[in-house]
Each structure stands twice: as C-alpha cells, then as structure tokens.
Amino acid sequence: GGEGISAAASRHPLAAPLATVVARHGLTRRWLDRLIEARELEMSEGPPRTVADVERYGEHTQASLLYLTLEALGVRDVDADHAAS
C-alpha cells in the first residue's frame, strides 16, 4: 500500500499499537501488506477454490505471520525464512 502505517493509525484502533510494534522491531512492511491483501481478497472473493489458491493463501497469511514472528524475535536468517515458508 501507498499509505504509511502511522497515517492509517489515526483511523483504526489497532493501527497505532501495530505501528509501534513495527517501529520497535523493524518489521518488514511487505509481510504485513501480503497478510492484509490476502485477507481482503478472501473477504471479497470467498475462500480459496483450488489447491494452488490454498497454497498461495497459506504463504501470504501463515508464512507472513511466521516471518514477522522471526523478525520480532531478532531472527533474520535465510534458513529460518525457508523453514517458515
């Protein structure tokens, strides 16, 4: 997205604490964007219909959460990222 997290924080009650966590831990915005976009797509188009759709949804949601968790714990390692995907 083109809008910064801090700009969105003024309009949503969870955005301010999220912006704080992102800044404190230096989280990668791309993982948050992928997670949000996948959830928005699910809400607009319904659940995944094919195995490929399920795999893509899992990569964009669950794997993104795992990547963010690793970052929050200070783990920035290619091997750990591969294990999370």
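Read on for a plain summary of the structure.

Some remarks on the packing of helix 3 (residues 29-45) against helix 4 (residues 51-72)
Now for step 1: Taken N-terminus to C-terminus, the directions of helix 3 and helix 4 make an angle of 150°; their axes are 8 Å apart at the nearest point. Regarding the angle of helix 3 to helix 4, the classification is roughly antiparallel. As helix 3 packs across helix 4, the resulting crossing turns out to be left-handed. Side by side, helix 3 and helix 4 meet where Trp31, Leu32, Arg34, Leu35, Ala38, Arg39 and Glu42 of the first sit next to Tyr57, Glu59, His60, Thr61, Ser64, Leu65, Tyr67, Leu68 and Glu71 of the second.
Now for step 2: Here the contact of helix 3 with helix 4 is composed, by residue class, of 8 nonpolar, 3 polar and 5 charged.

Re the side chain of Thr61
Now for step 1: Structurally, Thr61 is set in helix 4.
Now for step 2: Overall, Thr61 belongs to the buried group, its relative accessible area being 2%.
Now for step 3: The contact partners of Thr61, leaving out residues within four places of it in the chain, are Leu35, Ala38 and Arg39.

Let's talk about the packing of aromatic side chains
Now for step 1: Under the criterion given, the structure shown has 1 aromatic pair.
Now for step 2: Where Trp31 meets Tyr67, the ring centres are 4.2 Å apart and the plane angle is 45°; that geometry is what we call tilted. Of the two residues, Trp31 sits in helix 3 while Tyr67 sits in helix 4, which places them 36 residues apart along the sequence. Tyr67 carries the same exposure label as Trp31, and that label is buried.
Now for step 3: A cation over a ring is seen here: Arg30 above Trp31, with NZ or CZ 4.1 Å from the ring centre.

Rules behind the numbers
- The residue numbering used here restarts from 1 in each chain and proceeds along that chain's sequence as written.
- In keeping with the predicted nature of the model, local features appear solely for residues at pLDDT of at least 70, side-chain atom pairs appear and are counted solely at 80 or more, and the whole-chain, interface and lining totals rest on all residues.
- Working from all heavy atoms in the structure, the side-chain values ignore hydrogens and water.
- Fitted lines through C-alpha atoms give the axes, limited to the stretch in contact for helices. The angle between two N-to-C directions lies from 0 to 180 degrees.
- Here a helix means four or more residues in a row that DSSP labels H or I, a strand means two or more in a row labelled E, and each is numbered from the N terminus.
- Any angle that is under 35 degrees is reported as roughly parallel, and any over 145 degrees as roughly antiparallel; angles of 65 to 115 degrees are reported as roughly perpendicular and all others as oblique.
- Each crossing gets its hand from how the near helix is turned against the far one by less than a right angle, where anticlockwise is left-handed and clockwise is right-handed.
- A contact between two residues is defined here by any heavy atoms of the two lying within 4.5 Å.
- Any residue outside Ala, Val, Leu, Ile, Met, Phe, Trp, Tyr, Cys, Pro, Asp, Glu, Lys and Arg is labelled polar, Gly included; the first ten of those are nonpolar and the last four are charged.
- For every residue, the accessible area obtained with a 1.4 Å probe (protein chains only) is divided by the maximum for its type, and the residue is called buried under 20%, exposed over 50%, and partly exposed between those limits.
- Note on ring pairs: Phe, Tyr and Trp rings are taken, using the six-membered ring of Trp, and paired if centres are within 6.5 Å. Classes follow the plane angle, with under 30 degrees stacked, over 60 edge-to-face and the rest tilted.
- Only lysine NZ and arginine CZ atoms are considered, and such an atom sits over a ring when it is within 6 Å of the ring centre and within 35 degrees of the ring normal.

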